[in-house]
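In case you want the letters, here they are:
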Amino acid sequence: MFNNPLTKLTERTQELMTQTGVPGVAVGVRHQGTEYVATLGITNRNHPLPVDENTLFQIGSISKTMTATVAMRLVEQGRLDLDAPVRRYLPDFRLQDEAAAANASVRHLFTHTGGWLGDYFADTGKGDDALARYVANMVQLPQLAPLGTVWSYNNAAFSLAGRVIEVVAGQPFEQVMQELLFVPLGMNMSFYFTGDIMTQRFVAGHIMADFTSREHKSDYDIEVATPWPLARSAHAAGGVIATVRDMLRYARLHLDRGTAADGARLLGADSIAAMQSQQSTAADYAEVMGISWMLGKTDWVRTISHGGATNGQIAQLVLAPDHDFALVILTNANRGRELTRDLSNWALQSFLGAMATPPTLRTLTPEALQPYLGYYTARLTDVEVTAGDGGLVLQSIPKGGFPDKDSPAGPTPPPAPSVFFEEDRFIITDGPSKEGRGEFIRDQHGTIRWVRVGGRIHERTKRQG
């Protein structure tokens, strides 16, 4: 490792902020017992305050790992069984597909293998019945793939898991999380409700519509993102609002095999190991899925990670448990996705000497590319796949539906050039989603039925209109 880690961390973060135009960043590193925190930029371009260690960010779907952590505490208490059917706890649970609803287990919820539509963001109110009402509405969700067969990112499953947790514990979901996670870890600056953060310093998200210029932040069209809050029904899937220091406290729990900073044991080492062990393949966000964690390897370093995206806020948490290493990155712009990617790569190399080995790319003939071309659809986006120079070009077409099911579509990203590196598997080689991986998935007859990109399966269809 280099001398002056904090200085280098700050310098590299500032370089990436200049390249991407992200207004504000908080980044924290834990390495071999020492923590480094850098805070840069501003909270809100319309009403700017400096980002500091006590600034609150939405962490988005990193919240899923916290929901799963509390579920594992309930498992250890003998109150929850991951392999029990959801209907043991929620007898009235319904989906469009009765067989899927009847056979879905709690484990399916934490591994994104339920197969039903996952990007369903219905605001069911601010009351304590929000999750119950959301789950009742799940009866309208179609089954996109057979239960347990295809990994596809599923927000709805985590809202369902949140409802299971509150029924098992006999308390509203947020209260359970407070008592079983936030308080024992000393996460005093972690919240769910906007009413709790209004007297604190917090960031606003920003949407940057110009994806092409990379020279200087002033080149971008930046707007403050609205609405700010997520619906209460999404709290279990992505609702935590936290500081960088609290995120390091949480990371430490998973690095120290279930113990808090004061030595108190919250989870057994076996439960931590189970969360970090393969439950299914993923081959998109990660090679392998644990219990809520994305599992992978950078060079010789085993990593567990999760990202988060809300309306104009992007976050990343990367842990290397074998090396007492954690990286937290919190940003307040949609181009934070590029910053978190590049800063993660830099930090793993700089602190651990681990450098991602690029896959061996395969150039395909126009004839070999032909079977993959077409139009694929999902709830939040469609993807048009055309031929490129020896590879493919993916054009994502936003359709809206986040952070609320009626939200309008966001800006259209540039085309994503992609090249195959294995049979049916490709990597994006340039643009905002550079290094992102995807896969074409075939049905039982060997016919390409889906493309999985951005974590979601998109079904092949004829383009409408």
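Everything that follows concerns the structure shown earlier in this document.
Report on the accompanying structure. Not measured: the values here are computed from a predicted model.

1. Things to note about the overall build of the protein
1) Next: Secondary structure summary: the protein contains 14 helices and 21 strands in total.
2) Next: A compact globule built from 465 residues should have a C-alpha radius of gyration of about 23 Å, and the protein, at 21 Å, falls within 12% of that.
3) Next: Once the C-alpha set of the protein is aligned to its principal axes, its extents read approximately 60 × 55 × 45 Å.
4) Next: Buried residues in the protein amount to 56% of all 465 residues.

2. A few points about the packing of aromatic side chains
1) Next: This model, assessed by the stated rule, comprises 18 aromatic pairs.
2) Next: Taken together, a centroid distance of 6.1 Å and an interplanar angle of 65° make the contact between F93 and W116 edge-to-face. Of this pair, F93 sits in the loop between α3 (86-89) and α4 (98-103) while W116 is found in the loop between α5 (106-110) and α6 (130-137), placing the two residues 23 residues apart along the sequence. Each member of the pair F93 and W116 is classed as buried.
3) Next: Members of the aromatic cluster, each reached through a chain of ring pairs, are Y372, Y376, F420, F426 and F440.
4) Next: The positively charged end of K64 is found above the aromatic ring belonging to F158, 5.6 Å away from the centroid.
5) Next: Of note, R437 hangs over the ring of F421, and the distance from its end group to the ring centre comes to 4.9 Å.

3. Brief notes about the environment of I165
1) Next: Locating I165 in the fold gives a position in helix α7 (residues 155-169).
2) Next: Non-local contacts of I165, meaning those with residues more than four positions away in its chain, are made with T67, V70, A71, L74, F173 and V176.

4. Digging into the sheet that holds strand β17 (residues 416-422)
1) Next: Spatially, β14-β15-β16-β17-β18-β19-β20-β21 is the arrangement adopted by the eight strands of the closed barrel, whose pairing is antiparallel. Averaged over all pairs of adjacent strands, the angle between their axes in this sheet comes to 35°, without regard to strand direction.
2) Next: In this sheet, strand β16 (residues 392-398) lies alongside strand β15 (residues 381-387) in antiparallel orientation, the contact comprising seven bridges. Bridging from a neighbouring strand, E384 pairs with Q395 of β16.

5. Here's the deal with unusual backbone geometry
1) Next: Cis rather than trans, the peptide bond between T226 and P227 has omega equal to 0°.
2) Next: Inspection of the secondary structure puts P227 in the loop between β6 (222-224) and α10 (235-238).
3) Next: At the junction of F402 and P403, the peptide bond is cis and its omega measures out at 10° in the coordinates.
4) Next: With respect to the secondary-structure elements, P403 resides in the loop between β16 and β17.

Thresholds, definitions, all that
Within each chain, residues carry numbers counting from 1 in the order of the written sequence. Where totals are concerned, whole chains, interfaces and linings use all residues; where local detail is concerned, this predicted model gives features only for residues with pLDDT of at least 70, and gives and counts side-chain atom pairs only at 80 or more. Note: side-chain values were computed over all heavy atoms of the structure, leaving out hydrogens and water. Here a strand is any run of E in DSSP of at least two residues, a helix any run of H or I of at least four, and the numbering for each starts at the N terminus. Atoms considered for the radius of gyration are the C-alpha atoms alone. The globule rule reads 2.2 Å times the number of residues to the power 0.38. The buried label goes to any residue with under 20% of its type's maximum accessible area, the exposed label to any with over 50%, and the partly exposed label to all in between, with areas taken from a 1.4 Å probe on protein chains only. In summary, the pairing rule links any two rings of Phe, Tyr or Trp, Trp by its six-membered ring, whose centres are within 6.5 Å, and it sorts them by plane angle into stacked for under 30 degrees, edge-to-face for over 60 and tilted for everything else. A ring is scored as having a charge over it whenever the NZ atom of a lysine or the CZ atom of an arginine sits within 6 Å of its centre and within 35 degrees of its normal. Throughout, a contact is declared for two residues whenever any of their heavy atoms are within 4.5 Å. Only strands joined by at least two bridges in the DSSP assignment are considered to pair. The axes are straight lines fitted to the C-alpha atoms, using for helices just the contacting stretch, and the angles between their N-to-C directions are given from 0 to 180°.

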